[in-house]
Amino acid sequence: MYIITEFLLVTLKVLWAFVLAGFKWLVRPKEKSVAGQVCVITGAGSGLGRLFAKEFARRRAVLVLWDINKQSNEETAEMVRQIQREMTTTVPKDGCGGGTQQVPAFEPQVYTYVCDVGKRESVYSTAEKVQREVGHIDLLINNAGVVSGRHLLECPDELIERTMMVNCHAHFWTTKAFLPKMLEMNHGHIVTVASSLGLFSTAGVEDYCASKFGAIGFHESLSHELKAAEKDGIKMTLVCPFLVDTGMFQGCRIRKEMASFLPPLKPEYCVNQAMRAILTDQPMICTPRLMYMVTFMKTILPFDAVVCMYRFIGADKCMYPFLAHKKQVTNNNQAKTGM
């Protein structure tokens, strides 16, 4: 009798979850403030990482920027400082002589660190330095990512390992470095920037797909662990965009008749959607929304049916032009350097 009662209660909770999800779909939740909160962004030197840094700067967060490239990371930092300077306002304050004194209302803060997230020693030492120099962090944006751009049998083992280290293993190390303090305070937010290729795959990018599948698996398992530990103050957001027009997958294309329905995402649009999800504590965001349907259909259709759909829209070999372009660029670079 007890199990039946509990089952009915769970059924009601599931139905209520659908109601809440539908309500949030119709009525946009209020965004939380991250002003003054410390935000670590990996891969901040370019692409989505740079855009995330600029968006969090506009919301007056304290930025901690990680990247393996010092120059590009400093360029992002200068962009952030410019945004923060433009936002710095002054307010009048009564002086002894009845005049006014201008007092800055906002102190711009941005810190840069050179870190190779593909090496756990670099992650741990950099994280320790951040906690010593900046303090505990409130938001962790695991954004850094790489792609080898080679067919499996043409890809050196070192590049495969590099892809897995940066795109997947680094999430373990950054989280292990910063999660203990979050658990102690029951406060924080961890964001995993994955990919639609972590929800469904395509030919030619086996290492990239595997790394993103791994990152999503890690994210979901950690989410369950935090729920089991009743640490509801720590939020998790999974970001799964479709192909983003950052040049990372230059040349990738689907069937031309279908391209208008699934064009590459503008990076600004992708980050704006992700920011909305983060600031409203949304557990997952797929862009565009069509990706939800594609993922659902993959789980219910036979594999041969999925293959037929892939071939119809040209997704089965959509990465082949990108791989050919990447190979040509590599060969040209080797010819120039005499390798």
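Higher on the page you've got the structure.
All residue numbers refer to position in the chain's written sequence, counted from 1. Given that the model is predicted, a residue must reach a pLDDT of at least 70 before its local features are reported, and side-chain atom pairs must reach 80 or more before they are shown or counted; all residues, however, enter totals for whole chains, interfaces and linings. Remark: hydrogens and water are excluded; side-chain values derive from all non-hydrogen atoms of the structure.

A few words now on the pairing of strand β9 (residues 284-287). Strand pairing is assigned whenever DSSP detects at least two bridges linking the two strands. Secondary structure follows DSSP: runs of H or I at least 4 residues long count as helices, runs of E at least 2 residues long count as strands, and numbering of each begins at the N terminus. Sheet analysis places strand β8 (residues 234-241) next to β9, joined by four bridges and oriented parallel. Bridge assignment links Pro-241 to a residue of β9, and that residue is Thr-287. A crossover counts as right-handed when, viewed with the strands pointing away from the observer, the path leading from the first strand over the helix to the second turns clockwise. Each parallel crossover has a hand, and for β8 linked through helix α7 (residues 267-279) to β9 it is left-handed.

Sheet architecture is open: seven strands sit in the order β5-β2-β1-β6-β7-β8-β9, paired in parallel fashion. The outermost strands of the open sheet, each flanked by one partner alone, are β5 (110-114) and β9. When the angles between neighbouring strand axes are averaged without regard to direction, this sheet yields 15°. Across the sheet, helix α3 (residues 70-87) is in contact with β2 (62-67) and β5; its angle to β5 comes to roughly 175°. Each axis is a line fitted through C-alpha atoms, taken for helices only over the stretch in contact, and angles between the N-to-C directions span 0 to 180 degrees. Whether two residues are in contact is decided by their heavy atoms, any of which lying within 4.5 Å being enough.

The next thing to look at is the packing of helix α2 (residues 47-58) against α3. Between two packed helices, what matters for the description is the angle formed by their axes and the separation of those axes. At a closest axis distance of 9 Å, the pairing of α2 and α3 adopts a crossing angle of 20°. Of the possible angle classes, the one that applies to α2 and α3 is roughly parallel. In this structure, α2 meets α3 at a crossing whose hand is right-handed. Counted together, Arg-50, Ala-53, Lys-54, Ala-57 and Arg-58 of α2 and Ser-72, Glu-75, Thr-76, Met-79, Val-80, Ile-83, Gln-84 and Met-87 of α3 form the full contact between these two elements. Classification convention: Asp, Glu, Lys, Arg as charged; Ala, Val, Leu, Ile, Met, Phe, Trp, Tyr, Cys, Pro as nonpolar; all other residues, Gly among them, as polar. Its residues placed into classes, the contact of α2 with α3 shows six nonpolar, three polar and four charged. Angular relationships are summarised with four words: roughly parallel below 35 degrees, roughly antiparallel beyond 145, roughly perpendicular across 65 to 115, and oblique for the angles in between. In this scheme, a crossing is called left-handed if the near helix is turned counterclockwise away from the far one by less than a right angle; it is called right-handed if the turn is clockwise.

Burial within β2 is extensive, with six of its six residues counted as buried. The side-chain alternation of β2 yields two buried faces, one formed by Val-62, Val-64 and Trp-66 and the other by Leu-63, Leu-65 and Asp-67. Strand direction decides the pairing type here: strand β1 (residues 38-42) and β2, joined by five bridges, are parallel. By the bridge assignment for β2, Cys-39 is matched with Leu-63. As paired elements, β2 and β5 share five bridges and run parallel to each other. Between buried and exposed lies partly exposed: a residue is buried under 20% and exposed over 50% of the maximum accessible area for its type, with that area taken using a 1.4 Å probe on protein chains only.

Another aspect to go through is the pattern of salt bridges. A carboxyl oxygen of Asp or Glu within 4 Å of a side-chain nitrogen of Lys or Arg is what we treat as a salt bridge. Under the definition given, this model contains nine salt bridges. One salt bridge connects Arg-59 with Glu-55, and the closest N-O pair in it is separated by 2.8 Å. With relative accessibility at 14%, the residue Glu-55 sits in the buried group. Note that Arg-85 is salt-bridged to Glu-78, the shortest N-O span being 2.8 Å.

Okay, the packing of helix α5 (residues 157-185) against helix α6 (residues 206-228) next. Remark: α5 packs on α6, axes separated minimally by 8 Å, with the N-to-C direction vectors making an angle of 15°. Taken together, α5 and α6 sit at an angle that is classed as roughly parallel. Here the hand of the crossing between α5 and α6 comes out right-handed. For the pair α5 and α6, the contacting residues are Leu-159, Ile-160, Thr-163, Met-164, Asn-167, Cys-168, His-171, Phe-172, Thr-175, Leu-179 and Leu-183 in the first and Asp-207, Tyr-208, Ala-210, Ser-211, Lys-212, Gly-214, Ala-215, Phe-218, Leu-222 and Leu-226 in the second.

Here we come to the side chain of Asn-167. One can find Asn-167 in helix α5. On the accessibility criterion, Asn-167 (0% relative accessible area) is buried. The term polar contact refers here to a pair of N or O atoms within 3.5 Å; inside protein, the definition further demands a hydrogen-donor-capable atom paired with an acceptor-capable atom, and it admits residues adjacent in sequence only when both atoms are side-chain atoms. Within the structure, Asn-167 has its side chain in polar contact with the side chain of Ser-211 (distance 3.1 Å). Those residues in contact with Asn-167 that lie beyond four places of it in its chain are Ala-144, Gly-145, Val-146, Tyr-208, Ser-211, Lys-212 and Ala-215.

Across its 23 residues, α6 extends 33 Å between first and last C-alpha, which sits within 8% of the 33 Å expected from 1.5 Å per residue. For α6, the set of buried residues is Asp-207, Tyr-208, Cys-209, Ser-211, Lys-212, Ala-215, Ile-216, Phe-218, His-219, Leu-222, Ser-223 and Leu-226. For α6, the secondary structure elements touched by its buried residues are α5, β7 (188-193) and β8. Following α6 by one or two positions, Glu-230 adopts a phi angle in the positive range, close to 55°. Multiplying one less than the number of residues by 1.5 Å gives the expected span of a helix.

This paragraph deals with the nonpolar core. Nonpolar side chains in soluble globular proteins tend to end up buried together. Nonpolar core, defined: a set of buried Ala, Val, Leu, Ile, Met, Phe, Trp, Tyr and Cys residues in which side-chain atoms within 4.5 Å join the residues together. Ile-41, Phe-52, Phe-56, Leu-63, Leu-65 and Ile-141 are the most contacted members of the largest nonpolar core, which has 32 residues in total. Elements represented by at least two residues in this core include exactly β1, α2, β2, α3, β6 (139-142), β7 and α7. Counting residues per element, this core draws most heavily on α7, at seven residues. When neighbours within four sequence positions are excluded, Leu-65 is seen to be in contact with Ile-41, Ala-44, Ala-53, Asn-73, Thr-76, Ala-77, Val-110, Tyr-111, Thr-112 and Tyr-113.

Here we take up the environment of His-151. Relative to the elements of secondary structure, His-151 occurs in the loop between β6 and α5. When the C-alpha atoms of His-151 and Met-284 are compared, they prove to be 30 Å apart, with 133 residues separating the residues in sequence. Setting aside anything within four residues of it in sequence, one finds His-151 in contact with Gly-204, Tyr-320 and Leu-323.

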